[in-house]
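# Coordinate analysis (summary)
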Amino acid sequence: MKTNRHGADLYALEKKYHYRPEDIRDFSSNINPLGPSPKAMEAAAKNIGALCRYPDPEYRKLKAAIAEYLKVPHGSVLLGCGTSQLIQAAIDYLKPARALINSPCYSEYERELEKIGAAVAEYQLDYHKNFAIDVDDIVERINEEGIGLYVLTNPNNPTGSILTRADVARILDETDAYVLVDETYIEFTDPAIYSAVPLVGSRKKLIVIRGTSKFFATPGIRLGYALTEDEKLSEALAGELSIWGINSMADVMGRVMFNDAAYRDESFRLIQREKEKVITALETIPALKIFPSYGNFVLVKIKDRSHSAAELREALLAQKMVIRDCAGFKNLDERFFRFCLLDAESNDALIRAVKDFFEKD
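This is a predicted model, so every value here is computed, not measured.

### Some remarks on the overall build of the chain
Secondary structure assignment for the chain yields 13 helices and 13 strands. For 361 residues, the compact-globule estimate of 2.2 N^0.38 gives 21 Å, and the C-alpha radius of gyration of the chain, at 20 Å, lies within 12% of that figure. Each of the three principal axes of the chain carries a C-alpha extent, and together these read 60 × 55 × 35 Å. The buried share of the chain, reckoned over its 361 residues, is 55%. Surface summary for the chain: the accessible area is close to 15700 Å², and the carbon and sulfur share equals 50%. Looking at charge distribution, the chain has the averaged site of its 47 positive side-chain charges lying 3 Å from that of its 54 negative ones.

So, in structure tokens, the structure goes:
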């Protein structure tokens, strides 16, 4: 099985190239370039003494903040140490005999499904169709193959393709499968159209998982959360998650960051503006095919075989820029690469560097 890292290993690059991590422009990790919410950072600084105390074992204020943000009942929020822990716990409890995943997608799903002995089927996303997900095909595959669990990253990483809430509702209503929706990148698009959260109250076979690493730019606090109306599943997940599994800074910052509407709005506007700018610029390079994306990242294919993504990555590393070579993803090859959006100056530097690379011949 091909495996994928979570972006660049900046510490390995520091050792190999003698770069300082803070000097590297990391276009591979898909993290909000604005950094964490200023209000959350201020709360962390003011409450540093919280590190000397155990957190509230029920995380009442943190769950209330998330529930208010999502407009769901307080008791429906489950907390985890990042999304990976919640994905693992959900799959381990459901133990589907057969599961369906999109391909390419985040590799953690297949790894966890294989651990519990599930037969994993793949829905191959076609680059000729911009990696779009056909709901009719998904429903047919689930029903014909006896799929017990469909796992969907929405938007999908690394393709940027997406399903609407109505699409997810169709899959739930027209099949008997559980649907696990990983909404890691949902805040970079319009949740009012695409988030499955409003469906949780009426569909017991739906599990929605989110985290704060990407949009809220806090991978270090390892905060993830999940929603489901399946009481047995909820109780099982709660039992799997250890007491005080969320650290004090995640508790403190999480109470604040979800309610920072100004930060959320600024982040969304920045990503949309910069994404349009960079895509427009790169589309002028004849060697590249740019795929539409609903995330804060963009997938690109080098059309001919004169260069590989690995060669481009090495050329950019010389300029202290890191993109993602996507050869490690299933259903992609050595000509695909992915980059995320950073600040305007960094994005401009990336445009220049990529153009120089393909125009030097």
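### A few points about the pattern of salt bridges
Summed over the entire model, instances satisfying the criterion amount to 22 salt bridges. Close ionic contact of Glu274 with Arg273 constitutes a salt bridge, the shortest N to O distance being 3.9 Å. A single network of salt bridges, built from pairs that share partners, joins Arg273, Glu274, Lys277 and Asp348.

### Concerning the pairing of strand β6 (residues 178-182)
By the criterion of burial, β6 is predominantly enclosed, with five of the five residues buried. Residue alternation in β6 divides its side chains into two sets, Tyr178, Leu180 and Asp182 and Val179 and Val181, and both sets are buried. Two strands pair when backbone bridges link them, and strand β5 (residues 149-153) and β6 are joined in this way by five bridges, in the parallel orientation. Residue pairing in the sheet places Leu152 in a bridge with Val181 of β6.

### A look at a negative patch on the surface
Judged by side-chain charge, Asp134, Asp137, Glu140 and Glu144 come together as a negatively charged surface patch. Looking at Asp134, the relative accessible area reads 33%, which means it is partly exposed.

Cut-off values and rules
- Residues numbered from 1 in each chain as written.
- Predicted model: local features only at pLDDT ≥ 70, side-chain atom pairs only at ≥ 80, totals over all residues.
- Heavy atoms only, no water.
- Helix = DSSP H or I, 4+ residues; strand = E, 2+ residues; numbered from the N terminus.
- Rg over C-alpha atoms; globule rule 2.2 N^0.38 Å.
- Buried < 20%, exposed > 50% of the residue type's maximum accessible area, 1.4 Å probe, protein only.
- Areas by Shrake-Rupley, 256 points an atom, 1.4 Å probe, with all protein chains shown as cover.
- Lys, Arg positive; Asp, Glu negative; His and termini not counted.
- Charge placed at Lys NZ, Arg CZ, Asp CG, Glu CD.
- Salt bridge = Lys/Arg side-chain N within 4 Å of Asp/Glu carboxyl O.
- Pairing = 2+ DSSP bridges.
- Patch = residues over 30% accessible without salt bridge, like charges linked within 9 Å, V, L, I, M, F, W, Y side chains within 5 Å.

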